[in-house]
Structure formats: C-alpha cells, structure tokens
Amino acid sequence: MENNTTLLEKDFRELLKEQNAYREAIALTQWDMRTKIPKKGIEQRAEVVGFLSEKLHQLETSEKMKYFIDMLKDKTGDEVIAKTVEDCEETYERNKKIPHDEFKAYVMLQAKSEAVWQEAREKADFLMFQPYLEKLVDYNKKFANYWGYEDNIYDALLHEYEPGVTTKTLDDVFPKLRKSLTSLLEQINQSSTKPDPSVLTGHFPKQDQRAFTLDVLKQMGYDFASGRLDETIHPFAIGINQNDVRVTTRYDEEDFRMAVFGTIHEGGHALYEQNISGKLAGTPLAAGTSMGIHESQSLFWENFVGRSKAFWQTHYQLFKSYAPSHFDTVILDDFYRAVNEVKASFIRIEADELTYPLHIMIRYELEKALINGDIMVADLPHLWNEKMVDYLGIKPPTDREGVLQDIHWAGGDFGYFPSYALGYMYAAQFQHAMAKDLNLDSVIANGDFAQIRQWLTKNIHQYGKMKKPLEIINEVTNESLNPDYLVAYLTNKYTDIYNL
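Residues numbered from 1 in each chain as written. Predicted model: local features only at pLDDT ≥ 70, side-chain atom pairs only at ≥ 80, totals over all residues. Heavy atoms only, no water.

Going by this rule: UniProt positions are given in the numbering used here, feature names are shortened, and annotations may be inferred rather than shown by experiment.
As named in an unreviewed UniProt entry, the protein is Metal-dependent carboxypeptidase, taken from Lentibacillus populi. Taken directly from UniProt, the Catalytic activity (unreviewed entry) text for the protein runs: "Release of a C-terminal amino acid with broad specificity, except for -Pro."

This is how it looks when you write it as structure tokens:
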C-alpha cells in the first residue's frame, strides 16, 4: 500500500503536468510569433498568450500549489521532487506578489511590444516603440518593488536570470574586464599585421549557407529528430520540451558569418536543453539553471570551438564545398584570421570576440540606470550613441543599428543582458577545466565533437536546474567567477593573429 507521501508526490506531478501543458503552449505560440505569424494575426495572438500565461500564473500561485509545498517540503526522499518543491516555492513566493490582472496585462504588452519593435526596427523609428518600452520599464520597476531587494532595485530583476549575482558583483568585475579588453584593443589597433577581411566578401546564397550550418549542427550532436532550424529577425533557441528544442538563425547573403556563427551559437543553447537528464522531464527543473550558464554553452560552441583554428583546419574544405568559387583561392590561414578580425561593429550579434563584452556593458549600464530612474526611456537613443562612441569609437547611423537592434527590451527582459558577459567568462573557465581532461585542439581538429558534448553533459547539461549556477561554476572549475581566464584566452589568441 502506498504511503501518504508517495500519493502526494503523484498528485504533485499531476499539477506539474498541467503547468507544463501551458508552458509548452506558450513557448510554441511565442516561437510562431517570432518566425511565421502573419502581421494581422499578432493582436489576437497576444490575447492568447496573455490568457495562457495568466492561467499558468494562477496555477503557480494557487492554494493547491501552496498545499503541496507545505506537505512535501523537507518530507520527501525523492531528490528530484525535493528540488522541484524548492523551485516551485521560490516561483510561488515571487509570483504571488504580482496580481493576476497585472501579470496578464504585462504578458500581453510583451507580445504586442515585440511586434511593434519589429516594425520600428525596420523603419528605424524609435518613437514608434517608445511608449511600449516606457510601459515595460514601469512594470519592471513595479515588479522589482513587489519582489524586494537589499541594495539596488536592479538586483531584483537580475535574480530572475542569474541567481546569486548582484550589481555589486557586476560593478566590480565589469570595469576590470573593460580595462583589460580596451588595453588589448589598443594594441591590436596599433598593430601593422592585420587580417584582410576582403577575402570573405562575395555573394553566398542563403540555401548554401543553410546547408553548411545544417552539417555543422549535426556534427555538434544537435538532434534534428527533436528540433528544427528556422529563420527569424533576431536568432534564438527555444525549448518547448526536451524532445522539441528549436533553433533559428538569420542570413546575410553578403556576409556568411551572421548565419554560420549565429547558428552554432543557438545550437549550443539547444544542446544544453536536449541533454538535460530525462529524470527531470515534466518538472520545471528540465531547463537551464540560469541564462549565464546557458550563454556559456552557446558562446563556448560559437567562439571556443567555431572560431578556433582547429575547427577550420577540419571544416574549411567542407565550407568551400558549399561556398562561392572565389573561396577556392583563399588559403586557410588568411580565412581563419579574417573571420577573427577585431573591428568595432554596430550590431552586437555581429561583434567579434574581443569587443562583444563591451556591447553588453553598454546595455547593462543603460538598463540599470533606467530601472533606477536615473534616465528616461526618451533618453535612450542619444545615450546609446554616446556610449557606443565612448566604448567602441563608432556612432550608429540610425536607431536600427543602435538602440533598436535587440529584441530583449521589447520582451521586457530587463536584467538579462549581463548574462551574456557572465556566460562568456563562465565559458572561458569551463574551457580551462575541460582542457585538463581533453586535448581540445586535437579533439576539435579531429571533428570529434562527441567528446566535448559528453563532457558538457556530464558536468553541466544533465543537471538542468538541480544545481544553482554558482554551484556549477564552483564544482566544475573549483573557483568562483574569474574573468582572468577570458582575458588570457583573448590575449593569447589575438597576440597570435595580430602578431602583438
């Protein structure tokens, strides 16, 4: 005869199953809105997302959920159930503080804002998007105050994406990283030995770029029986469930780097989701533990693998089998150096490895100031341009290349951007730890990506949210966040490329 705890666990899983049904429906709807939806369908679809999200919010904060939390907390011997209860309790406590009607209105605003952002971006018209962004900022301030914080209101939002990291941490690490990167950038700018980017130019049809990236995704171990590749304005990966993890990309027929490195990046996200332990299926633990850890996986594959010399030693011939004929005359070393050229760019997702973190710092400083009330939404375009000049020495010609380029603020994702820089630092630490077990250059040069994927799955992927982000960092690398590994990696790589 089953005891009461076992019966409670069964009933608890049924509630989780109901919540998952809503999560999947919301995720699929969001994927559709970002890839396939007709323009006239957006308004009604936003209503649907709002309805589904409100229902999920009600389940997460229901008396029934509270009952299971109280009855199972510290009383179950099932480790997965225990961690799930812990996760559900945190969600309950945070979301219970937000009224259902406000939550629904906010979700509908998010969906509409993304659609307006797309049109505003196309037209380079910030004023079209401004009133939506103002409302999103107001909601985020309100929610942050509902949740509470100790030192800085921004910490309440940062916690949503990177638990354990605060503005105090970022304000300590980012200036040090900036100083190291700008010093290296200055040396590079003064170097007389520079790559020739002209070797990369030429029309490269979209279908051929797609064919090459499909081959690379398969070699990485992305399971196409549990996923697909689609096109969108702003590339993303989305896990609907462990057997349906989709990636998207964007093509530029005059610059293949957008699609090639963007697809590898999103493939890294997808591998994380596809390789979470099956025992976590059906629970909220079957997801990445934080956005920083998630970004560490995508950036690891994009940069430490995809932009490495070892990768192109193996893949250049495959690349040329799909690429325009003029690449036949480009030698490997010139190609490798060109795809790793350091040059300030307007667009974050097109940025080189060295200047990429500077893009993140710009966004972090602006959104922290927004949430703290130090600046207004109307100030963003000119402040954005000023920071681009300050950090990168370039000024965007229009808001399309400036403040309107990212989808994140349109989705209300304040507190998200620091995850990109944190993920980059985490990735460098993981690479250092992995190098103790694998000869990475040899493994990559042999195209044996299974070894890399298996190492990441063993140490990171399988745990989903069973372990907190800082717990994973400490266990895998035997230390806390340390930017020195990223600085060392970039210094070594670009000393070689630019003969510093």
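1. Describing the overall build of the protein
In plain terms, the rule: Numbered from the N terminus, helices here are DSSP runs of H or I no shorter than four residues, and strands are runs of E no shorter than two. When we talk radius of gyration, it's over C-alpha atoms, and the globule rule is simply 2.2 Å times the number of residues to the 0.38. In this scheme, a residue with accessible area under 20% of its type's maximum is buried, one over 50% is exposed, and one in between is partly exposed, where area comes from a 1.4 Å probe on protein chains only. Two residues form a contact once any of their heavy atoms are found within 4.5 Å. In these tables, accessible area is a Shrake-Rupley quantity obtained with a 1.4 Å probe, and a residue counts as shielded only by the protein chains included in the view. None of His or the chain ends enter the tally, which takes Lys and Arg as positive and Asp and Glu as negative. Lysine's charge is taken at NZ, arginine's at CZ, aspartate's at CG and glutamate's at CD.
On a plain count of helices and strands, the protein comes out with 20 helices and three strands. Here the C-alpha radius of gyration of the protein, 23 Å, is about what a compact globule of 500 residues would show, namely 23 Å. Overall size of the protein, expressed as C-alpha extent along the three principal axes, is 70 × 55 × 45 Å. Among the 500 residues that make up the protein, the fraction classed as buried is 57%. For the protein, restricting intrachain contacts to residue pairs at least 6 apart in sequence, the fraction spanning at least 24 positions comes to 75%. Counting only carbon and sulfur atoms, one obtains 47% of the accessible surface of the protein, whose full area is about 20800 Å². Between the centroid of the 56 positive side chains of the protein and the centroid of its 77 negative side chains there is a distance of 2 Å.

2. A closer look at the packing of aromatic side chains
Two descriptors summarise a pair of aromatic rings, namely the distance from one centre to the other and the angle between the planes of the rings. Going by this rule: When the centres of two rings from Phe, Tyr and Trp lie within 6.5 Å, Trp using its six-membered ring, the rings pair. Their planes under 30 degrees apart give stacked, over 60 give edge-to-face, and anything left gives tilted. Lysine NZ or arginine CZ positioned within 6 Å of the ring centre and within 35 degrees of the ring normal marks a charge as sitting over the ring.
In the structure shown here, the tally under the stated rule is 43 aromatic pairs. The ring of Phe236 is capped by Arg34, whose NZ or CZ atom sits 5.2 Å from the centre of that ring. Over the ring of Tyr420 we find Arg348; its NZ or CZ atom is 4.4 Å from the centre of that ring.

3. A word on the UniProt feature "active site" (unreviewed entry) in the protein
Basically, it comes down to this: Two N or O atoms count as a polar contact when they lie within 3.5 Å, although within protein this holds only if one can serve as hydrogen donor and the other as acceptor, and sequence-adjacent residues are included solely when both atoms are side-chain atoms.
The positions UniProt marks with the feature "active site" (unreviewed entry) are Glu266. As for its placement among the helices and strands, Glu266 is situated in helix α10 (residues 257-274). Glu266 gets classed as buried once you look at its relative accessible area, which sits at 8%. Engagement of the side chain of Glu266 in a polar contact is seen with the backbone nitrogen of Ala237, the distance being 3.1 Å.

4. Comments concerning empty space enclosed by the protein
Put simply, the rule is: As defined here, a cavity is a set of points on a 1 Å grid over the protein atoms alone where a 1.4 Å probe fits but cannot get out. A pocket is an open set with protein on both sides within 12 Å along at least five of seven lines, and residues line them when an atom is within 4 Å of a point. Grid points are joined across faces, edges and corners, and a volume is the space filled by probe spheres set on the points. For this classification, Asp, Glu, Lys and Arg are treated as charged, while Ala, Val, Leu, Ile, Met, Phe, Trp, Tyr, Cys and Pro are nonpolar and the rest, including Gly, are polar.
For the structure shown, the criterion picks out three cavities of 30 Å³ or more. There is about 40 Å³ of room inside the largest cavity. Lining of the largest cavity is provided by Arg121, His234, Arg250, Ile347, Arg348, Ile349, Gln405 and Asp406. Within the lining of the largest cavity, the residues separate by chemical class into two nonpolar, two polar and four charged. The calculated volume of the second largest cavity comes to roughly 40 Å³. Among the residues making up the lining of the second largest cavity, the classes are represented as four nonpolar, three polar and one charged.

5. What about the environment of Thr91?
With respect to the secondary-structure elements, Thr91 resides in helix α4 (residues 79-95). Classification of Thr91 by relative accessible area gives partly exposed; the value is 24%. For Thr91 and Thr193, which are 102 residues apart along the polypeptide, the C-alpha to C-alpha distance reads 53 Å. What Thr91 contacts, discounting residues up to four positions off in sequence, is Glu60 and Lys96.

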